[in-house]
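# Overview (structure and organization)
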Amino acid sequence: AQSVAQPEDQVNVAEGNPLTVKCTYSVSGNPYLFWYVQYPNRGLQFLLKYITGDNLVKGSYGFEAEFNKSQTSFHLKKPSALVSDSALYFCAVRDMARGNNRLAFGKGNQVVVIP
Amino acid sequence: GAGVSQSPSNKVTEKGKDVELRCDPISGHTALYWYRQSLGQGLEFLIYFQGNSAPDKSGLPSDRFSAERTGGSVSTLTIQRTQQEDSAVYLCASSLRGGVNTEAFFGQGTRLTVV
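Now for a description of the structure that goes with this document. Just so it is clear, the structure is predicted and the values come from calculations on it, not from any experiment.

## Description of the overall build of chain B
- A tally of helices and strands in chain B yields zero helices and 11 strands.
- Listing each helix as α and each strand as β along chain B from the N terminus yields β-β-β-β-β-β-β-β-β-β-β.
- In terms of overall size, chain B behaves like a compact globule, its C-alpha atoms giving a radius of gyration of 13 Å where 115 residues would be expected to give roughly 13 Å.
- Overall, the C-alpha framework of chain B stretches about 40 × 25 × 25 Å when taken along its three principal axes.
- Counting every position in chain B, which comprises 115 residues, the buried fraction comes to 47%.
- Sequence-distant contacts, at least 24 apart, represent 53% of the contacts inside chain B between residues at least 6 apart.
- Accessible surface, chain B as shown: approximately 5300 Å² in total, 44% of it carbon and sulfur.
- In chain B, 11 positive and 11 negative side-chain charges are present, and the distance between their average locations comes to 2 Å.

## Topic: unusual backbone geometry
- Following Ser-7 of chain B, the chain continues to Pro-8 of chain B via a peptide bond in cis, the omega torsion being -10°.
- Along the chain, the position of Pro-8 of chain B falls in the loop between strand S1 (5-7) and strand S2 (10-13).
- The backbone of Tyr-61 of chain A shows a phi angle near 60°, a positive value even though the residue is not glycine.
- Its location among the elements puts Tyr-61 of chain A in the loop between strand S7 (56-58) and strand S8 (64-68).

## Some details on the interface of chain A and chain B
- At the interface, 23 residues of chain A touch 23 residues of chain B.
- Put simply, chain A and chain B have two salt bridges between them.
- Here chain A is connected to chain B by eight residue pairs in polar contact (both at pLDDT 80 or more).
- Among the secondary structure elements, those contributing two or more residues to the side of chain A that touches chain B are strand S5 (33-38), strand S6 (44-50), strand S10 (87-95) and strand S11 (102-105) of chain A.
- Broken down by class, the residue content of the side of chain A that touches chain B amounts to 11 nonpolar, six polar and six charged.

## Here's the deal with the pattern of salt bridges
- With the rule as written, the count across this model stands at nine salt bridges over all chains.
- The residue Asp-9 of chain A makes a salt bridge to Lys-107 of chain A at a minimum N-O spacing of 2.6 Å. Taken together, the residues Asp-9 of chain A in the loop between strand S1 (3-5) and strand S2 (10-14) and Lys-107 of chain A in the loop between S11 and strand S12 (109-114) connect sequence positions 98 residues apart.
- When the shortest N-O distance is used, the salt bridge between Arg-36 of chain B and Glu-44 of chain B registers 3.0 Å.
- Of the residues examined, Arg-36 of chain B reaches a relative accessible area of 10% and is grouped as buried.

## What to know about the nonpolar core
- Membership of the largest hydrophobic core comes to 28 residues, with the highest contact counts inside it found for Trp-35, Leu-48, Leu-76 and Tyr-89 of chain A.
- If you list the elements that add at least two residues to this core, you get S2, strand S3 (19-21), S5, S6, S8, strand S9 (73-78), S10 and S12 of chain A.
- Ranked by the residues each element gives to this core, the list is headed by S10 of chain A, at four residues.
- Ala-92 of chain A together with Phe-45, Leu-91 and Ala-104 of chain B belong to the second-largest nonpolar core, a separate cluster that totals 20 residues.

## Points about the sheet that holds strand S3 (residues 19-24) of chain B
Residue and element names in this part refer to chain B.
- An order of S1-S3-S8-S7 is seen for the four strands of this open sheet, with the pairing classed as antiparallel. Each end of this open sheet is capped by a strand with a single partner; those strands are S1 and strand S7 (65-69). Averaged over all neighbouring strand pairs, the angle between strand axes comes to 15°, with direction disregarded.
- Bridge analysis of S1 against S3 gives three bridges, and the strand direction is antiparallel. Bridge pairing in S3 places Gln-6 opposite Cys-23.

Cut-off values and rules
Residues numbered from 1 in each chain as written. Chains lettered and ligands numbered in written order. Predicted model: local features only at pLDDT ≥ 70, side-chain atom pairs only at ≥ 80, totals over all residues. Heavy atoms only, no water. Helix = DSSP H or I, 4+ residues; strand = E, 2+ residues; numbered from the N terminus. Rg over C-alpha atoms; globule rule 2.2 N^0.38 Å. Buried < 20%, exposed > 50% of the residue type's maximum accessible area, 1.4 Å probe, protein only. Contact = heavy atoms within 4.5 Å. Areas by Shrake-Rupley, 256 points an atom, 1.4 Å probe, with all protein chains shown as cover. Lys, Arg positive; Asp, Glu negative; His and termini not counted. Charge placed at Lys NZ, Arg CZ, Asp CG, Glu CD. Salt bridge = Lys/Arg side-chain N within 4 Å of Asp/Glu carboxyl O. Polar contact = N/O pair within 3.5 Å; in protein donor to acceptor, adjacent residues only side chain to side chain. Nonpolar A, V, L, I, M, F, W, Y, C, P; charged D, E, K, R; others polar. Core = buried A, V, L, I, M, F, W, Y, C linked by side-chain atoms within 4.5 Å. Pairing = 2+ DSSP bridges. Axes fitted to C-alpha atoms, helices over the stretch in contact; angles between N-to-C directions.

Right under this line is the structure:
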């Protein structure tokens, strides 16, 4: 089965500094990768996806992610973090087992942006 | 509506009672997913619908859990004889056709508390 791993539990970053949230993946075949963000007491919001093409994917709210096939990684990045970016971030991969194309999620990373 | 709508937003029930959770997907989205998010945990896949059919029910935790979808639209997740371990946020998502390159859009979830 396809899976993703988010190795860190929490990421602390000072406001204005670059933000990176790490994700590695394990797939057989082509990877279809996604990032979502969850603000407190809210559902998940789609940020960006990698399907094919350019390794650098740009998404919502100034976020981008870099697909690296040799390192099997899909790290989420933002050049300058805002306090409002404090949230829970999930990496996900399409798991095409059983033909249902479910999204398999990592455990999530809590991001805390310190003013 | 513009997004995925779930009701109720919060539900407190007594152990042993049955509960029904409702999901209204985005109009025209044929794929519908249910996930469960427990405190401190990632997202656990429960069931997937394509139209009114559920090709993959493998994520349902026990036979107390069931789901249906009617008219290719509204879905209901039913939990019978609720237990305290059922307490979680239940998230519904929909996507266009459920293709590998399509993102899923999530509702805000139903927070279920079993007392």
